[in-house]
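# Topology and contacts: notes
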Amino acid sequence: MKLLEVLNRTPVILFEKPSDFQPMFSYEQCIAIANANAESGAEIYRLEGPIATLSQTRPAQAAMRATYSFSLYYKDGGIKSVDLGLCSYTGIGRLSTGTEIRDFQFSQDGKTLSCTVELNQPIYTGIGTDSMALAHEAGIYHISIDVEIGSAQAVKQ
């Protein structure tokens, strides 16, 4: 069974926030974090939307393209890390948890964030082991992110 088939069959449980929920960080504090990341060179892309602001970062130790991170800073406060649902091969024997993307677009109401990612080669996990499995086929993927929940869905075009 392919890894994607297993993941597609895995149930997702969503919990509603309690009515008295207060985020740990205000939007202003989140933007201060983003500004500090930008000053240090870690933040490489930012896009403001009606509900949240997207920040894409690459830690300094990831200079060899190892990892990109995506965060949503919510205007009503709070931060969520976003997993785009894809990994890409870095060329140095590792899988990356993200890839550099610069074509993000918010929907008009800000509830959906979308982008495209091109994988130039198929991506396998467990390379060189008995558990080697296809994670993603090569091709172009459309990614749609539910901004309010912070979950992403990647669909191969």
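Refer to the preceding data block for the structure.
To start, this report covers the structure provided alongside it. (Residues numbered from 1 in each chain as written. Predicted model: local features only at pLDDT ≥ 70, side-chain atom pairs only at ≥ 80, totals over all residues. Heavy atoms only, no water.)

A separate point is the overall build of the chain. The helix and strand tally for the chain stands at two helices and 12 strands. For the chain, the N- to C-terminal ordering of α and β elements is α-α-β-β-β-β-β-β-β-β-β-β-β-β. Counting all 157 residues of the chain, 33% fall into the buried class. Look at the contacts in the chain between residues 6 or more apart in sequence, and 50% of them connect residues 24 or more apart. (Helix = DSSP H or I, 4+ residues; strand = E, 2+ residues; numbered from the N terminus. Buried < 20%, exposed > 50% of the residue type's maximum accessible area, 1.4 Å probe, protein only. Contact = heavy atoms within 4.5 Å.)

The strand order across the open sheet built from four strands is E1-E2-E3-E4, with neighbouring strands paired in antiparallel fashion. If you trace the sheet from one side to the other, it starts and ends with strand E1 (43-48) and strand E4 (79-82), each paired once. Ignoring strand direction, the axes of neighbouring strands in this sheet form an average angle of 20°. Here strand E3 (residues 69-74) pairs with E4 via four bridges, running antiparallel. Its bridge partner lying in E4, Phe 70 is registered against Val 82. Helix H2 (residues 27-40) rests against E1, strand E2 (52-57), E3 and E4 of the sheet, and its axis sits at about 145° to E1. (Pairing = 2+ DSSP bridges. Axes fitted to C-alpha atoms, helices over the stretch in contact; angles between N-to-C directions.)

With that out of the way, let us pick up the environment of Ser 81. Inspection of the secondary structure assignment puts Ser 81 in strand E4. Counting along the chain gives 12 residues from Ser 81 to Ser 69, while the straight-line C-alpha distance between them is 7.4 Å. Setting aside anything within four residues of it in sequence, one finds Ser 81 in contact with Phe 70, Ser 71 and Gly 150.

The subject of this paragraph is the nonpolar core. The biggest cluster of nonpolar side chains holds 25 residues, and the ones touching the most others in it are Leu 54, Phe 70, Leu 72, Leu 84, Phe 104 and Leu 113. Elements represented by at least two residues in this core include exactly E1, E2, E3, strand E8 (112-119) and strand E11 (139-146). The element contributing the most residues to this core is E8, with four residues. One finds Tyr 27, Cys 30, Ile 31 and Tyr 73 within the second-largest nonpolar core, a separate group that totals five residues. (Core = buried A, V, L, I, M, F, W, Y, C linked by side-chain atoms within 4.5 Å.)

This next bit is on the environment of Tyr 73. Mapping Tyr 73 onto the fold places it in strand E3. The class for Tyr 73 is buried, based on a relative accessible area of 4%. A C-alpha to C-alpha distance of 9.1 Å links Tyr 73 and Phe 25, two positions 48 residues apart in sequence. Excluding its chain neighbours within four sequence positions, the residues that come into contact with Tyr 73 are Tyr 27, Cys 30, Ile 31, Ile 33, Ala 34, Asn 37, Ala 52, Thr 53, Ser 55, Gly 78 and Ile 79.

This structure, assessed with the given rule, holds three salt bridges. In this structure, Glu 43 engages Arg 46 in a salt bridge whose closest nitrogen and oxygen atoms are separated by 2.8 Å. Here Lys 156 and Glu 137 are joined by a salt bridge, their closest N and O atoms 3.8 Å apart. Separated by 19 residues along the polypeptide, Lys 156 in strand E12 (residues 151-156) and Glu 137 in the loop between strand E10 (133-136) and E11 bring together distant segments of the chain. Relative accessible area serves as the criterion here: at 38%, Lys 156 is assigned to the partly exposed category. The exposure class of Glu 137 is partly exposed, given its relative accessible area of 36%. (Salt bridge = Lys/Arg side-chain N within 4 Å of Asp/Glu carboxyl O.)

Take the packing of aromatic side chains next. Going through the model one piece at a time under the given rule, you end up with two aromatic pairs. One aromatic cluster is present, built from ring pairs that chain together Tyr 45, Phe 70 and Phe 104. (Phe/Tyr/Trp six-rings, centres within 6.5 Å; stacked < 30°, edge-to-face > 60°.)

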